[in-house]
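Spelled out, the chains give:
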Amino acid sequence: MTLEGRVALVAGATRGAGRGTAVALGEAGATVYCTGRTTREQRSEYGRPETIEETAEQVTAVGGTGIAVQVDHLERGQVADLVARIDAEQGRLDVLVNDVWGGDPLFAWDTPLWRHDLDKGLRLLRLAVETHVITSHYALPLLIRRPGGLVVEMTDGTAEYNARHYRVNAFYDLAKAAVLRLAFVQSHDLAPYEATVVALTPGWLRSEHMLELFGVTEENWRDALERVPHFAISESPRFVGRAVAALAADPDRRRYDGKSLSSGELARVYGFTDLDGSRPDAWRYVVEVQDAGKPADTTGYR
């Protein structure tokens, strides 16, 4: 699988699934523009230490070309300037990954709409949905210049699962549902240009924030299983990134156009693995084991 000569924009590449995706695209040889708000000189409101420069360096270290650009994707002018730069430097855009999120500090679990902080909830919706719309608005004209582009809307949960389950609270639920629908409507708009648009969800992601929350690292994450047994099905951010890379390299990817997909589902199709060589199928596990109230057991799920 090679993506040499391809150009990707990963919007929200500072950490988590965005960083994992940028690096996975780099593994395949792509040139990857890594955007976000946190740089070595300035942190965003999120307050975490990961930077877009680190992500770009990791992309380059694995064989790609990483380019860090500080962008607030709520600021239209900054996004327009970003796309103009990609056009000037590369003359093409083959892959757009809308991964901007930044909502973790803004939501409260299982809190009714009327009790949730309204300002934080509305800020979450802006960060999680408006950023994606703005980025697509400016980036798609460049992407459709060549037929066969790929757009990935990163979300949490498949369309099937989210349609049947309450997700955290009203604001979180709305954000993830909106991104799923955004993939569907973009697939309609881009159909004449032979582009493919999908919504993609990782499973239980071992993001930097999650590892810190459980007091472990990527190297010893299994130490958390005694306290959180179902964490056994978790996956590194690289796993969902490899799903994006596999889609980008597949000449027949239009069979997935407009669909909601998961990293575990695509691993079964394309054969890629996580960093430890496994293929965690988290959403099937969640339904058949976790939600079913069964003891944690990943046999047959990774």
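The residue numbers shown here count from 1 along each chain, following its written sequence. Where totals are concerned, whole chains, interfaces and linings use all residues; where local detail is concerned, this predicted model gives features only for residues with pLDDT of at least 70, and gives and counts side-chain atom pairs only at 80 or more. Excluding hydrogens and water, the side-chain values take into account all heavy atoms of the structure.

Description of unusual backbone geometry
Here is step 1 of the chain: Its identity as a non-glycine residue notwithstanding, D110 has a phi of 50°, on the positive side.
Here is step 2 of the chain: Note on D110: relative accessible area 56%, which makes it exposed.
Here is step 3 of the chain: Backbone geometry at V168 places phi at a positive 75°, although glycine is not the residue there.
Here is step 4 of the chain: Each helix corresponds to a stretch of at least 4 residues labelled H or I by DSSP, and each strand to a stretch of at least 2 residues labelled E; elements are numbered beginning at the N terminus. Looking at the secondary structure, you find V168 in the loop between α5 (159–164) and α6 (170–190). Between buried and exposed lies partly exposed: a residue is buried under 20% and exposed over 50% of the maximum accessible area for its type, with that area taken using a 1.4 Å probe on protein chains only.

Structural notes on α6
Here is step 1 of the chain: Look at α6: 30 Å from first C-alpha to last across 21 residues, which is about the 30 Å you get at 1.5 Å a residue.
Here is step 2 of the chain: Turning to α6, its buried residues are F171, Y172, A175, K176, V179, L180, L182, A183, Q186, S187 and L190.
Here is step 3 of the chain: Throughout this description, a polar contact denotes any pair of N or O atoms lying within 3.5 Å of each other; where both atoms belong to protein, one of them has to be capable of donating a hydrogen while the other can accept it, and for residues adjacent in sequence the pair is counted only when both atoms sit in side chains. N-capping of α6 is provided by N169, with a side-chain oxygen placed 2.9 Å from the backbone N of F171. By this rule, a helix spans an expected 1.5 Å times one less than how many residues it contains.

Let's talk about the side chain of N98
Here is step 1 of the chain: Tracing the sequence through the fold places N98 in strand β4 (residues 95–98).
Here is step 2 of the chain: At a separation of 3.0 Å, a polar atom in the side chain of N98 contacts the side chain of S136.
Here is step 3 of the chain: The contact criterion used is simple: two residues touch if any of their non-hydrogen atoms lie within 4.5 Å. Not counting the four nearest positions on each side in its chain, N98 is found in contact with A11, H132, T135, S136, V152, E153 and M154.

Observations regarding the pairing of strand β2 (residues 31–36)
Here is step 1 of the chain: Burial analysis of β2 places six of its six residues in the buried class, which makes it a mostly covered element.
Here is step 2 of the chain: Side chains T31, Y33 and T35 project from β2 onto one buried face, and the interleaved V32, C34 and G36 project onto a second face that is buried too.
Here is step 3 of the chain: In terms of strand pairing, strand β1 (residues 7–11) meets β2 through five bridges, oriented parallel. Looking at the pairing, A11 lines up with T35 of β2.
Here is step 4 of the chain: By this definition, two strands are paired if DSSP reports at least two bridges between them. Judged from the six bridges that link them, β2 and strand β3 (residues 65–70) form a sheet pairing that is parallel. Following the sheet pairing, T35 is matched in β3 by V69.
Here is step 5 of the chain: Note that the unit made of β2, helix α2 (residues 52–61) and β3 has a crossover that is right-handed. Seen with its strands pointing away from the viewer, a crossover is right-handed when the path leading from the first strand over the helix to the second is clockwise.

Regarding the sheet that holds β3
Here is step 1 of the chain: Across the sheet, seven strands lie side by side as β3-β2-β1-β4-β5-β6-β7; this open sheet has parallel pairing. Strand pairing shows two members of the sheet lacking a second neighbour, β3 and β7 (260–262), which therefore form its edges. Strand after strand, the sheet turns through a mean of 20° between neighbouring axes, direction not considered.
Here is step 2 of the chain: Every axis in this analysis is a line fitted to C-alpha atoms, fitted for helices over the stretch in contact. Angles between the N-to-C directions lie between 0 and 180 degrees. Taken strand by strand, helix α8 (residues 237–249) contacts β4, β5 (150–154), β6 (196–201) and β7, and its axis lies near 160° from that of β5.

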